[in-house]
There are 2 protein chains.
Amino acid sequence: MSLIQPHNPAAGAERHYGDRQEFMTESTPANMHFHVVSGGARLFKSLPDGRRQIIGFASRGDVLPAYPCTHYHYSAEAMHTLRVACVPAPYLRHLHETSPGACAASLHTARQLLIGLHGRLLMLGRQTARERLAAFLIGQGTRMGQDALWPVDPAISRADMADFLGLTTETVSRLLSAFHREKLISRQRRAIHILDLDRLRAIVAHSG
Amino acid sequence: MSLIQPHNPAAGAERHYGDRQEFMTESTPANMHFHVVSGGARLFKSLPDGRRQIIGFASRGDVLPAYPCTHYHYSAEAMHTLRVACVPAPYLRHLHETSPGACAASLHTARQLLIGLHGRLLMLGRQTARERLAAFLIGQGTRMGQDALWPVDPAISRADMADFLGLTTETVSRLLSAFHREKLISRQRRAIHILDLDRLRAIVAHSG
DNA sequence: CGCCACCTTGACAACTTTCAAGCCTAGTGG
DNA sequence: CCACTAGGCTTGAAAGTTGTCAAGGTGGCG
């Protein structure tokens with residue numbers, strides 16, 4: 001769910017934010033990129049009546065760019081605590097104009113993001129709640145690479161999963177209970193571990 | 001719905017495709033970019049059981065890039081007739097590595113696509129069928145700029161709208177009838193015209 | 001003129017949400 | 001140290017939106 005892979009840590013003031021503090025607001029003038037130093041952030045868009053869709057999660061090393069350079073086109077808020085470095089937009093622009101390597105790197109990450117979003121379009125448009133949650137759990141489990149299975153990031157609440165998957169917290173909760181009954185996952189405290197990756201994969205691909 | 005804005009028309013063989021011919025297939029080795037010379041194309045991803053989600057439509061000037069340079073990550077098929085110029089992947093890569101301007105242009109279009117996709121995530125995840133269709137009609141009406149209102153591209157069928165919006169053709173058809181009854185649109189032949197843009201906008205933003 | 005693909009409409013079913021309790025857990029203050 | 005409280009999580013029952021299945025309608029093209 002990263003937004004843009006690491007650039008050189010750019011010079012710029014560092015800022016701290018507390019739990020649920022919004023540090024980037026949609027439709028607000030944009031002149032800063034934010035480079036996540038530590039902690040995590042939710043990136044989201046919302047409708048006037050409060051419905052919200054999480055676009056992605058950002059963590060250490062990700063850059064939240066202010067692309068159109070006029071306004072941010074989504075909002076971002078801290079999960080637990082967050083430290084970001086502010087990168088002036090002109091700085092990165094200048095870097096892109098002068099260094100082909102930097103520009104190519106940004107292009108590469110933008111394209112990776114596009115691929116991910118195309119997949120999520122398919123998920124939100126055509127998959128059932130059960131399939132979406134299974135896909136999310138797999139994504140969380142393999143987020144550090146295919147070698148090991150990680151538990152779901154404990155900073156991600158039911159409400160976050162729901163906003164990410166286009167569901168309600170109740171539906172997420174019910175499905176997690178179902179997966180637990182079916183021994184696909186284990187739940188201890190808030191931690192969710194994958195027990196049967198293959199069967200989860202079958203749920204996503206096929207309509208199981 | 002364009003995929004990538006015009007580059008210099010690159011050298012490369014030109015190809016013709018007939019209605020519904022698939023010229024780019026997901027998970028297939030990728031070594032060519034396609035530059036649309038004329039006609040239109042549907043870009044989509046599908047699930048093993050046939051459910052499909054249209055990612056976007058491509059028309060004259062758009063470039064369908066083979067980014068990860070190993071496999072295409074979505075499929076594309078001709079709408080009616082299509083002419084594309086094939087651009088060898090190494091050609092564009094070389095251009096990006098040597099010309100900062102070309103790379104910056106690609107980055108810019110990739111970012112525009114990202115912004116569009118973020119909006120569609122919100123649409124598919126959180127908006128009702130009625131809101132989605134209204135948003136689609138507005139997008140079609142203003143696709144050539146804010147000055148004039150265009151009818152929906154007649155090459156786009158009910159099934160296309162459904163696959164784009166994550167709905168069924170029946171739902172699309174019922175909603176179009178409802179919009180017609182409410183005098184929001186007119187339907188003559190296959191052509192759909194917007195009659196009341198403001199009210200359509202109200203449906204999208206607010207939950208009307 | 002007739003066929004075929006696409007579109008429309010209806011009735012019904014299914015999935016997901018909504019509304020409403022109740023529960024658990026962690027953090028707080030007595 | 002323990003009870004209390006607040007927020008998040010779980011579960012149930014009912015409602016609503018959208019999908020499914022099925023039957024016509026319509027227009028274009030051979």
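Analysis parameters
Residues numbered from 1 in each chain as written. Chains lettered and ligands numbered in written order. Predicted model: local features only at pLDDT ≥ 70, side-chain atom pairs only at ≥ 80, totals over all residues. Heavy atoms only, no water. Helix = DSSP H or I, 4+ residues; strand = E, 2+ residues; numbered from the N terminus. Rg over C-alpha atoms; globule rule 2.2 N^0.38 Å. Contact = heavy atoms within 4.5 Å. Areas by Shrake-Rupley, 256 points an atom, 1.4 Å probe, with all protein chains shown as cover. Lys, Arg positive; Asp, Glu negative; His and termini not counted. Charge placed at Lys NZ, Arg CZ, Asp CG, Glu CD. Buried < 20%, exposed > 50% of the residue type's maximum accessible area, 1.4 Å probe, protein only. Near = heavy atom within 4 Å. Polar contact = N/O pair within 3.5 Å; in protein donor to acceptor, adjacent residues only side chain to side chain. Nonpolar A, V, L, I, M, F, W, Y, C, P; charged D, E, K, R; others polar. UniProt positions renumbered as here; feature names shortened; annotations may be inferred. Domains from an automatic or database assignment. Buried area = accessible area lost by both parts, 1.4 Å probe. Salt bridge = Lys/Arg side-chain N within 4 Å of Asp/Glu carboxyl O. Arc of directions from axis to C-beta.

## Digging into the overall build of chain A
Then comes step 1: A count of helices and strands for chain A gives six helices and eight strands.
Then comes step 2: Secondary structure of chain A in N-to-C order comes out as β-β-β-β-β-β-α-α-α-α-α-β-β-α.
Then comes step 3: The C-alpha radius of gyration of chain A comes to 18 Å, within 12% of the 17 Å expected for a compact globule of 208 residues.
Then comes step 4: When its C-alpha atoms are laid out on the principal axes, chain A stretches across 55 × 35 × 30 Å.
Then comes step 5: Considering only residue pairs separated by 6 or more positions, chain A has 70% of its internal contacts joining residues 24 or more positions apart.
Then comes step 6: Surface summary for chain A: the accessible area is close to 9,400 Å², and the carbon and sulfur share equals 54%.
Then comes step 7: Mean positive and mean negative side-chain charge positions of chain A (24 and 17 charges, respectively) differ by 3 Å.

## Observations concerning helix H4 (residues 158-165) of chain A
Residues and elements named next belong to chain A.
Then comes step 1: Within H4, six of the eight residues are buried, which leaves it mostly tucked inside the rest of the structure.
Then comes step 2: For H4, the set of buried residues is Asp 160, Met 161, Ala 162, Asp 163, Phe 164 and Leu 165.
Then comes step 3: The positive-phi residue at the C-terminal boundary of H4 is Gly 166, with phi of around 70 degrees.

## Examining the protein's contact with DNA strand D
Then comes step 1: Close contacts around DNA strand D come from 18 residues, with Arg 158, Ser 173, Ser 177 and Arg 187 of chain A together with Thr 171 of chain B the closest.
Then comes step 2: Per the 4 Å cut-off to the protein, sugar and phosphate atoms form 67% of the nearby atoms of DNA strand D.
Then comes step 3: Interatomic distance of 3.1 Å between a side-chain N/O atom of Arg 20 of chain A and a phosphate oxygen of DNA strand D.
Then comes step 4: Top contributing element to the surface near DNA strand D by residue count: helix H5 (residues 169-181) of chain A, with four residues.
Then comes step 5: When its residues are assigned to classes, the surface near DNA strand D shows two nonpolar, seven polar and nine charged.

## What about the UniProt feature "domain: HTH crp-type" (unreviewed entry) in chain A?
Then comes step 1: The positions UniProt marks with the feature "domain: HTH crp-type" (unreviewed entry) are residues 127-198 of chain A.
Then comes step 2: Across residues 127-198 of chain A one finds 50% helix and 11% strand; the C-alpha atoms that close the span lie 18 Å apart.

## Some points on the domain arrangement of chain A
Residue and element names in this part refer to chain A.
Then comes step 1: What the domain assignment reports for chain A is domain 1 (14-119) and domain 2 (127-205).
Then comes step 2: For domain 1 and domain 2, the distance between their C-alpha centres works out to 25 Å.
Then comes step 3: At the interface, eight residues of domain 1 touch six residues of domain 2.
Then comes step 4: The junction of domain 1 with domain 2 conceals about 640 Å² of combined surface from both sides, 57% of it contributed by carbon and sulfur atoms.
Then comes step 5: Here domain 1 is connected to domain 2 by two salt bridges.
Then comes step 6: Arg 52 is paired through a salt bridge with Asp 163; the nearest N and O atoms lie 3.3 Å apart.
Then comes step 7: Taken together, the links from domain 1 to domain 2 amount to five residue pairs in polar contact (both at pLDDT 80 or more).

## Here's the deal with helix H1 (residues 89-98) of chain A
Turn by turn, an α-helix covers 3.6 residues, leaving residues three or four places apart pointing in a common direction.
Then comes step 1: Turning to H1 of chain A, its buried residues number three or more, namely Ala 89, Leu 92 and His 96 of chain A. Summarising the axial view, the buried residues of H1 of chain A lie within an arc of 75 degrees, below the 170-degree limit, and thus occupy one face. Opposite the buried face of H1 of chain A, by more than 90 degrees, sit the exposed residues His 94 and Glu 97 of chain A.
Then comes step 2: Elements that come into contact with the buried residues of H1 of chain A comprise strand E3 (32-46), strand E6 (75-88) and helix H2 (100-126) of chain A together with helix H2 (100-126) of chain B.

## Examining the pattern of salt bridges
Then comes step 1: Counted under the stated rule, the structure contains 22 salt bridges over all chains.
Then comes step 2: Glu 14 of chain A serves as the salt-bridge partner of Arg 83 of chain A, at 2.8 Å between the closest nitrogen and oxygen. In this pair, Arg 83 of chain A is assigned in strand E6 and Glu 14 of chain A in strand E1 (residues 14-17), connecting sequence segments 69 residues apart.
Then comes step 3: Since its relative accessible area comes to 29%, Arg 83 of chain A is described here as partly exposed.
Then comes step 4: For Glu 14 of chain A, a relative accessible area of 45% gives the class partly exposed.
Then comes step 5: In this structure, Glu 131 of chain B and Arg 51 of chain A form a salt bridge, with 2.9 Å as the shortest nitrogen-oxygen distance. Taken together, the positions of Glu 131 of chain B in helix H3 (residues 129-141) and Arg 51 of chain A in the loop between E3 and strand E4 (52-59) put the pair across two chains.
Then comes step 6: Sharing partners across several salt bridges, the network here consists of Arg 42, Arg 52, Glu 77, Asp 160 and Asp 163 of chain A together with Arg 126 of chain B.

## Concerning the protein's contact with DNA strand C
Then comes step 1: Neighbouring DNA strand C are 18 residues; Ala 129 and Thr 171 of chain A together with Arg 158, Ser 177 and Arg 187 of chain B lie closest to it.
Then comes step 2: Sugar plus phosphate: this is where 64% of the atoms of DNA strand C within 4 Å of the protein reside.
Then comes step 3: A distance of 2.4 Å separates a phosphate oxygen of DNA strand C from a polar atom in the side chain of Thr 171 of chain A.
Then comes step 4: Here a phosphate oxygen of DNA strand C sits 3.3 Å away from a polar atom, N or O, in the side chain of Arg 190 of chain B.
Then comes step 5: The biggest single contributor to the surface near DNA strand C is helix H5 (residues 169-181) of chain B, with four residues.
Then comes step 6: Among the residues forming the surface near DNA strand C, the class breakdown is two nonpolar, seven polar and nine charged.

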